[in-house]
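Fold and geometry: a report
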Amino acid sequence: MWRGIVSGLLAGAFWGAVFIVPVLLPDFSPVELMVGRYVCYGALAAGLMLPRLLPLLRRLRRGDWLAMLRQALAGNVVYYLLLAYGVKLAGVAPTSLIIGLLPLSVTIFGHKDHGALPLRRLALPLLLVALGIACINLDIFSHAGSTGADGASLAHKLAGVLCAIGALACWTWYALDNARFLKRHAHFSSVEWSMLYGLASGVIALAVGAVALALGQAGEAAGGPARDWSHFWLVCLLLALGASVIGNYLWNLASRLVPVTLSGQLILSETLFALLYGFVYAQRMPRALEWLAMLLLAAGVLWSVHAHARQQGQA
């Protein structure tokens, strides 16, 4: 189980970077960011799997194709599109902390899965998580004036919050569906499944990009003709390699090795790393409530890990 715990925490470290990319590339729209990331992911997956790609595709059954496509949509394409809009409209901290509710949502909806602890035994760790999220949101709104991220209006900030809630719903469903699928289908390794839905994500992203280009929407956030496309593709390639290829592999490994209720807690590492990267980018130290929130979130995760380890030791 400890191998799965470490894999889940490392996956969160890679995933935390996705919240910074919309800030690093402000001249590009969320649609462009999504298309760039997943086209690169699909290309990397195809290149890495090329020697055995055709045999692997022949092993896919009808149910595998459906799972691959729905997970590519929910866990990658739609999720990241909503996340990017959330960051653009509401900012890094509100978006990362709304998505930080994943430990609660995954644990609640996955509490009947095999190996999951009863909710009553996770009540106190989950309470710490809820208090941590409450602290950070209190900090956000106590320091917010009449404008949201980058001077945006409250209407834009509200739209960003709604996008973040949509991203939360997408990834909650994906986390449960992916964990259940991998536990039932041992004929795919964690690497193979990550590469397969990477390919599916790339194809879907290409299709979305083509439609957006045809409708003239892809460049909605364009700042003019001088946009740095070489920087855009470099960032997308690094994000695809780190957050998608490596991060998704680590998460698939964790999903196989730990109960769903514990994997829900491990997702908090994404929130913590997103906050850390945001503070580094903003070149400031966390405020008191932000420190308290991070300590509460970390304590909640460690308590949950300890509870699951005790159950495994008693089994």
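We now turn to the structure provided with this report. Per chain, the residues get numbers from 1 upward, laid out in the order the sequence is written. pLDDT decides what is reported in this predicted model: residues at 70 or higher carry local features, side-chain atom pairs at 80 or more are listed and counted, and totals for whole chains, interfaces and linings draw on all residues regardless. Hydrogens are left out, water is left out, and the side-chain values use all remaining heavy atoms of the structure.

**Let's talk about the pattern of salt bridges**
Salt bridge, as applied in this entry: a Lys or Arg side-chain nitrogen positioned within 4 Å of an Asp or Glu carboxyl oxygen. Evaluated as defined, the whole model comprises six salt bridges. Here Arg59 and Glu192 are joined by a salt bridge, their closest N and O atoms 3.4 Å apart. On the criterion of sequence distance, the pair formed by Arg59 in the loop between helix H4 (53-58) and helix H5 (62-90) and Glu192 in helix H10 (residues 190-215) is long-range, its members being 133 residues apart. Between Arg287 and Glu290 there is a salt bridge, and its shortest N-O distance comes to 3.5 Å. Arg287 gets classed as partly exposed once you look at its relative accessible area, which sits at 29%. By relative accessible area, which is 3% here, Glu290 ends up buried. Among the ionic contacts, a cluster of salt bridges with common partners joins Arg52, Arg59 and Glu192. Only DSSP runs of H or I covering at least 4 residues are called helices, and only runs of E covering at least 2 are called strands; the numbering of each starts at the N terminus. Only protein chains enter the calculation, and the probe is 1.4 Å; a residue is then buried if its accessible area is under 20% of its type maximum, exposed if over 50%, and partly exposed in between.

**A look at the packing of helix H1 (residues 2-15) against helix H11 (residues 229-257)**
For helices, the fitted axis covers only the stretch in contact; all axes are lines through C-alpha atoms, and the angles between them, taken along N-to-C directions, range from 0 to 180 degrees. Where H1 meets H11, the closest approach of the two axes is 8 Å, and the angle between their N-to-C directions is 155 degrees. Here H1 is positioned roughly antiparallel relative to H11, judged by the angle of their axes. Here H1 runs over H11; the crossing is left-handed. Listed contacts from H11 to Arg3, Gly4, Ser7, Gly8, Leu10, Ala11, Phe14 and Trp15 of H1 are Gly242, Ala243, Ile246, Gly247, Asn248, Leu250, Trp251, Leu253, Ala254 and Leu257. Asp, Glu, Lys and Arg are counted as charged, while Ala, Val, Leu, Ile, Met, Phe, Trp, Tyr, Cys and Pro are counted as nonpolar; the rest, among them Gly, fall into the polar class. Across the contact of H1 with H11, the residue classes tally to 11 nonpolar, six polar and one charged. Just so you know how the angles are binned, under 35 degrees is roughly parallel, over 145 roughly antiparallel, 65 to 115 roughly perpendicular, and the rest oblique. Note on convention: near helix rotated counterclockwise from far helix by under a right angle means a left-handed crossing. Clockwise means right-handed. The contact criterion used is simple: two residues touch if any of their non-hydrogen atoms lie within 4.5 Å.

**Observations concerning the nonpolar core**
For our purposes a nonpolar core is just a set of buried Ala, Val, Leu, Ile, Met, Phe, Trp, Tyr and Cys residues, chained together by side-chain atoms within 4.5 Å. Judged by nonpolar contacts, the single largest core of 69 residues is most densely connected at Phe19, Tyr80, Trp171 and Trp193. Looking at this core, the element that brings in the most residues is H5, giving 10 residues. Counting 18 residues, the second largest nonpolar core, distinct from the first, contains Leu122, Leu268, Ala293 and Val301.

**Overview of the packing of aromatic side chains**
For Phe, Tyr and Trp, rings pair up if their centres lie within 6.5 Å, where Trp contributes its six-membered ring, and each pair is then called stacked (planes under 30 degrees apart), edge-to-face (over 60) or tilted (otherwise). In total, this model carries 16 aromatic pairs according to the counting rule given. With 5.1 Å between their ring centres and 75 degrees between their planes, Trp15 and Trp171 make a pair best called edge-to-face. Note that Trp15 is positioned in helix H1 and Trp171 in helix H9 (residues 154-184), a separation of 156 residues in sequence. The burial state of Trp15 is the same as that of Trp171; both residues are buried. Both rings, one in Trp171 and one in Tyr174, keep their centres 5.0 Å apart while their planes meet at 65 degrees; by these two values the pair is edge-to-face. Linking Trp171 with Tyr174, this pair stays in helix H9, spanning three residues, or about one helical turn.

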